[in-house]
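# A look at the structure
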Amino acid sequence: MTADDGGPLSGVVLLAVLTRNLESACAPAGGLRTFLSPAEVSSAGRFRRAEDRLDYAASHVLFRLLAARWLGLPPLDAAGLGVTRYCIGCGSSQHGKPAVAGVSLSLSRSHGAVMAAAGPAGAPVGADIELVPDGLFNGFDDFVAAPGERGQLRSKGIPGRLRLWVAKEAVLKAAGLGLAVEPSAVHLTPAGGTLLLADCPGRPEVHGLTVSPVPAPAGYRAAVSAGSGLPPDQLALSDVFGSGRLP
Ligand SMILES: CC(C)(COP(=O)(O)OP(=O)(O)OC[C@H]1O[C@@H](n2cnc3c(N)ncnc32)[C@H](O)[C@@H]1OP(=O)(O)O)[C@@H](O)C(=O)NCCC(=O)NCCS
């Protein structure tokens, strides 16, 4: 099945876009809130800064649109999809990794950009996008890199360090652990092409996950982790809003 015929997908896919571009694409359908649940509209309103409200709303819109696209549903069905959550740390259904029946999903947002990834139900998927900042916090290398990875970082600038950061965070999000586990506990080894194989002592959820850098808007770095051992396919906004998919 290709991404163009509107039918269900079968592999791991991702979409990473500037928030303002997603907002524009949603305008003909009535704006971002057309694709959100009432609870998400309310949650967006809790952010103090307008730009954070917008990024939150856009990230959940992209998550829902990608879920609908993966399932072969029209975009206007996105708002009605049931989203559940599960926290691997405490078992809560109020926070943690979000899920939609029939598809595995992950979302991320960072200062004006949003991304989501989707794949087969039951197979873990994790996405992370970050704006490359002007500076990094003290101790970044020790927090993010495993001891065997720190040497390679010495010759890297901030974008190279962010590339490792998003890869680790994508793995930890695929595993459902998030930053409850320090990224330096995750080891990444080359697995062919741009793929890296992840492992983390004492964390069987991480074992066997792969991760690869994926294209992101200029000035951002992004990665997707999955259990498939294959690099993910990149979609465009036209794949979720494309010909005839919106009235
Ligand atoms: C997941 C996490 C790393 C994301 O951090 P971030 O870089 O600031 O944010 P991103 O935009 O990339 O991702 C945020 C999204 O990750 C998802 N997420 C949250 N927890 C997650 C988890 N444990 N696993 C996978 N995804 C998770 C959510 O969809 C969240 O957005 P939402 O709350 O609006 O739905 C961070 O929130 C985290 O570590 N959370 C878990 C902490 C934890 O386990 N606490 C113990 C609670 S008992």
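Fair warning: this is a prediction, and the values are worked out from it, not measured in the lab.

Around the ligand, the structure places 21 residues, and the nearest of them are His60, Arg85, Ser108, Glu169 and Leu179. In this structure, Arg85 approaches the ligand through a side-chain N or O atom, which is 2.3 Å from an oxygen atom. Between Glu169 and the ligand, the recorded distance is 2.5 Å, taken from a side-chain N or O atom to an oxygen atom. Relative to its free-state accessible area of 890 Å², the ligand is covered by the protein chains to the extent of 70%. Those elements that provide at least two residues to the shell around the ligand are α3 (50–71), β3 (97–100), β4 (103–110), β6 (125–131) and α6 (158–174). Considering each element in turn, the shell around the ligand owes the most residues, three residues, to β4. The class makeup of the residues in the shell around the ligand is eight nonpolar, six polar and seven charged.

To continue, consider the sheet that holds strand β9 (residues 210–214). Strand order in this open sheet of five strands is β6-β10-β9-β8-β7, and the pairing throughout is antiparallel. Looking at strand neighbours, the two that pair on one side only are β6 and β7 (187–190), the edges of this open sheet. Going across the sheet, the axis of each strand differs from the next one's by a mean of 30°, ignoring polarity. Bridge analysis of strand β8 (residues 196–199) against β9 gives two bridges, and the strand direction is antiparallel. Residue Leu196 lies in a different strand from β9, and its bridge partner there is Val211. Strand contacts of α6: β6, β7, β8, β9 and β10 (220–226), with the helix running at about 150° to β6, the strand carrying the most contacts.

Rules used in this analysis
- Residues numbered from 1 in each chain as written.
- Predicted model: local features only at pLDDT ≥ 70, side-chain atom pairs only at ≥ 80, totals over all residues.
- Heavy atoms only, no water.
- Near = heavy atom within 4 Å.
- Polar contact = N/O pair within 3.5 Å; in protein donor to acceptor, adjacent residues only side chain to side chain.
- Areas by Shrake-Rupley, 256 points an atom, 1.4 Å probe, with all protein chains shown as cover.
- Helix = DSSP H or I, 4+ residues; strand = E, 2+ residues; numbered from the N terminus.
- Nonpolar A, V, L, I, M, F, W, Y, C, P; charged D, E, K, R; others polar.
- Pairing = 2+ DSSP bridges.
- Axes fitted to C-alpha atoms, helices over the stretch in contact; angles between N-to-C directions.
- Contact = heavy atoms within 4.5 Å.

Functional significance is not addressed by these values, which are geometric in nature.
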